[in-house]
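Letter by letter, the chains look like this.
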Amino acid sequence: MVLSPQAKASFQAEPAHYIEQEIKSFTTASPACRLSFMNGLMMYDEPLVRFADGDDPIFSEFKSIIASNHLTPREALAEACNKRPEEMPARLSVISWILPISEKIRRSNYVESRLPSRLWSHTRWYGEIFNDNLRMRLVEFLTGMGYLATAPVLQPFFKMRTDENGPSSNWSERHVAYAAGHGTFSLSDGFISERGIAQRCGNVVTSLELPASPRTARSPYSNCLFYLGTNCRACIERCPAGAITEKGHDKKKCQQYMRDNVGSLDALKRDGYDNDRSLIGCGLCQTKVPCEYRNPAQKLTA
Ligand code: B12
Ligand code: SF4
Ligand code: SF4
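Residues numbered from 1 in each chain as written. Chains lettered and ligands numbered in written order. Predicted model: local features only at pLDDT ≥ 70, side-chain atom pairs only at ≥ 80, totals over all residues. Heavy atoms only, no water.

> I'm lost on the overall build of the protein chain in this one. Help?
Along the protein chain, the regular secondary structure elements total 11 helices and 12 strands. Radius of gyration (C-alpha) of the protein chain: 19 Å, near the 19 Å computed for a compact globule of 302 residues. Here the protein chain holds 302 residues, and 50% of them are scored as buried. Restricting to contacts in the protein chain with at least 6 residues of sequence separation, those with at least 24 account for 73%. Counting only carbon and sulfur atoms, one obtains 50% of the accessible surface of the protein chain, whose full area is about 14,400 Å². Taken together, the 37 basic and 33 acidic charged side chains of the protein chain have centroids lying 4 Å from each other. (Helix = DSSP H or I, 4+ residues; strand = E, 2+ residues; numbered from the N terminus. Rg over C-alpha atoms; globule rule 2.2 N^0.38 Å. Buried < 20%, exposed > 50% of the residue type's maximum accessible area, 1.4 Å probe, protein only. Contact = heavy atoms within 4.5 Å. Areas by Shrake-Rupley, 256 points an atom, 1.4 Å probe, with all protein chains shown as cover. Lys, Arg positive; Asp, Glu negative; His and termini not counted. Charge placed at Lys NZ, Arg CZ, Asp CG, Glu CD.)

In C-alpha cells form, the structure reads like this:
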C-alpha cells in the first residue's frame, strides 16, 4: 500500500486520527461491506474506534478472568513475529473497533422467534469476511509504515477450546473492546457498546504508539439494564433456547440450540442460506431488546 507524501504527513502528524478515519472510510467504501445480492445493502454503520495500551494490566487480569492461555497483546505480537514478549518494543497499542449492524438487517430479525433472518445470517457470514478484510488492511497499512502489527484472530496461534462452561478462545475480541473502553458485558453475555449490542468487533495489535482511550464504565456490566436493577428481562424472553436466565448465559445451551435446529447444510442451501449456521449462535438476543442499537444505561445514569 503506497501513501502519497500528503497522506504520509497527515498520518505522522496525527496517527490516532488517521487510523480512525482509515477504518471509517475503508468500511464505507469497501464493496465487501455490502451484500451484493441485496442491492448493495450496507451491513454496518460507521464504526467506533478506540485504543488500548498494549501493556494495560487488565490484559494480564484476563488470564484469571478467562483462562491462563488467554494472550496479552505483547504475547500475541511476539508470537506473530516469532520472538519473545520481552523482545517487543517498549510501547504497544491495540486498535479496537465496533461495527454496528445496520438498521434494515437488525429489523429483519424482529419477526423471527426461532431462527435468525436470512439478512442477519448473511451478515454473520459476509460481515465477518469484511471484518477480516479490515483486519488485514490495517496490518498491511501499519507494516507498510514500518511498524509491527498483527490481527491475532487471523494467526495460526488463535485457538478455540471447550470446557465445562462451553467454548472460548485465547483472544477474546470483546474483552479487548472492554479494555479499550468501548462498553461492557451484559446479562445475555453480549457486549453493549455506545451503539448497542447488535455489533461485531475486531482489533489489531501494533508497535505504533497511540493514546489509550479512557475506560469509564463503572463495572464490567454497567451498560446492562438488568444489572442496574431495572428488572429488564427482554433478552431472557427473546432467547428461543432458554439459554439466558437471571443467572446469565449458558453458552453450551446457546451453541447446541443451532446445532439441533438448523438441519443439514444441504437443506439450508435449498432455503437460500449459503453458510453453515449450525456452528454459531442464533443472535436473536441481539435484536428487539432495549440494548439493541444504543447504550440503554446512558439515560438512567445521565
Ligand atoms: C466462542 C464464541 C461464541 C460461543 C460462546 C460465546 C461466549 N460468550 O464466549 C457461541 C457459539 C455460543 C457464540 C455465540 C454468539 N456469538 Co460469538 N464468538 C465466540 C468467539 C469466537 C470467542 C469468544 C470468547 O473467547 N469468549 C471468552 C469467554 C471467556 O468470554 P465470556 O464468557 O463472554 O466472558 C465473561 C467473563 O469474562 C465475565 N467476567 C467476569 N468477571 C469479569 C471481570 C472483568 C473485568 C471483565 C471485563 C469480564 C468479566 O464477563 C464475560 C461476559 O459474561 C468470539 C470472537 C473472539 N475471538 O472474541 C465471538 C463473538 C463473541 N461472538 C459474537 C456474536 C455476534 C455472537 C452471536 C450474536 C452470534 C451471531 N452470529 O449473531 C451469538 C451471541 C451469543 C451470546 N448471547 O453471547 C461477537 C460479539 C458480539 C457482541 N455484541 O458481544 C464476537 C466478538 C465475534 C466478533 N468478532 O464480533 N459465540
Ligand atoms: S435485554 Fe436488558 S437485560 Fe438483556 S442484555 Fe440487554 S439491557 Fe441487559
Ligand atoms: S444467540 Fe440465540 S440461543 Fe444464544 S443466547 Fe442469544 S438468543 Fe439464545
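> How do you make sense of the packing of aromatic side chains when you look at a structure like this?
The relative placement of two aromatic rings is captured by the distance of their centres and the angle of their planes. Enumeration according to the criterion identifies 12 aromatic pairs in this entry. Relative to F141, the ring of F11 has its centre 5.2 Å away and its plane inclined at 90°; by these criteria the two rings are edge-to-face. On the criterion of sequence distance, the pair formed by F11 in helix 1 (residues 5–13) and F141 in helix 6 (residues 118–144) is long-range, its members being 130 residues apart. Given a relative accessible area of 2%, F141 falls into the buried group. Relative to F141, the ring of Y18 lies with its centre 5.5 Å away and its plane at 15°, an arrangement referred to as stacked. (Phe/Tyr/Trp six-rings, centres within 6.5 Å; stacked < 30°, edge-to-face > 60°.)

> For this particular structure, what's the right way to read the site of ligand 2?
Around ligand 2, a shell composed of S186, S188, C224, L225, F226, C232, A234, C235, V289, P290 and C291 is seen. Residue composition of the shell around ligand 2, by class: nine nonpolar, two polar and no charged. (Near = heavy atom within 4 Å. Nonpolar A, V, L, I, M, F, W, Y, C, P; charged D, E, K, R; others polar.)

> Which parts of the structure should I look at to understand the packing of helix 2 (residues 15–29) against helix 6?
For any two helices packed against each other, one specifies the inter-axial angle together with the distance between the axes. It is at 11 Å that the axes of helix 2 and helix 6 come closest, and there the two elements cross at 140°. Viewed along their axes, helix 2 and helix 6 adopt a mutual orientation that is oblique. Between helix 2 and helix 6 lies a crossing of right-handed hand. Between helix 2, through Y18, I19, E22, I23, F26 and T27, and helix 6, the contact on the second element is made entirely by F130, N133, L134, R137, L138, F141 and L142. (Axes fitted to C-alpha atoms, helices over the stretch in contact; angles between N-to-C directions. Parallel < 35°, antiparallel > 145°, perpendicular 65-115°, else oblique. Left-handed = near helix turned anticlockwise from the far one by under 90°.)

> Looking at this model, I keep getting lost on the site of ligand 1. Mind explaining?
Neighbouring ligand 1 are 38 residues, the closest being S169, E173, S188, D189 and F191. For ligand 1, a nitrogen atom lies 3.0 Å from a polar atom in the backbone of W171. Take Q199: an N or O atom from its side chain is 3.0 Å from a nitrogen atom of ligand 1. Breaking the shell around ligand 1 down by element, the ones donating at least two residues are helix 3 (58–65), helix 6, strand 7 (166–169), helix 7 (173–179), strand 10 (199–206) and helix 9 (251–261). (Polar contact = N/O pair within 3.5 Å; in protein donor to acceptor, adjacent residues only side chain to side chain.)

> Explain helix 4 (residues 73–81) to me, please; I cannot follow it from the model alone.
Side chains that are three or four residues apart share a direction in an α-helix, a result of its 3.6 residues per turn. Taken together, the buried positions of helix 4 are P73, R74, A76, L77 and A78. Contacts from the buried residues of helix 4 go to helix 3, strand 4 (93–100), strand 5 (149–150) and strand 10. With its phi angle positive at about 60°, N82 sits one or two positions after the end of helix 4.

> Quick question: what am I supposed to make of the sheet that holds strand 10 here?
For sheets, the rule is that strands pair by backbone hydrogen bonds, running either parallel or antiparallel. Read across the sheet, four strands follow the order 3-4-10-5 without closing on themselves; strand pairing throughout is antiparallel. The open sheet is flanked by strand 3 (48–53) and strand 5, the only strands paired with a single partner. Examined bridge by bridge, strand 4 and strand 10 share eight bridges and lie antiparallel to one another. Across the sheet, V94 pairs through a bridge with V205, a residue of strand 10. (Pairing = 2+ DSSP bridges.)

> What should I look at first to understand the nonpolar core in this one?
Side chains of a nonpolar character, in soluble globular proteins, are inclined to be buried together. One finds I19, I23, I95, W97, F141, L142 and V204 to be the most contacted residues of the largest nonpolar core, which totals 35 residues. At the level of secondary structure, the elements contributing two or more residues to this core comprise helix 1, helix 2, strand 3, strand 4 and helix 6. With eight residues, helix 6 is the single largest residue contributor to this core. Not counting the four nearest positions on each side in its chain, V204 is found in contact with S93, V94, I95, W97, R135, L138, V139, L142, A149, T150 and A151. Formed by 24 residues, the second largest nonpolar core is a distinct cluster that contains V176, Y178, A180 and F191. (Core = buried A, V, L, I, M, F, W, Y, C linked by side-chain atoms within 4.5 Å.)

> Sorry if this is basic, but what is going on with the pattern of salt bridges here?
Once their charged atoms are close, side chains differing in charge can pair, the charge on each being opposite to the other. In this structure the tally under the stated criterion is 19 salt bridges. Here E86 and R84 are joined by a salt bridge, their closest N and O atoms 3.0 Å apart. Take R84: its relative accessible area is 48%, and that puts it in the partly exposed class. The structure contains a network of salt bridges with shared partners spanning E128, D132, R135, E173 and R200. (Salt bridge = Lys/Arg side-chain N within 4 Å of Asp/Glu carboxyl O.)

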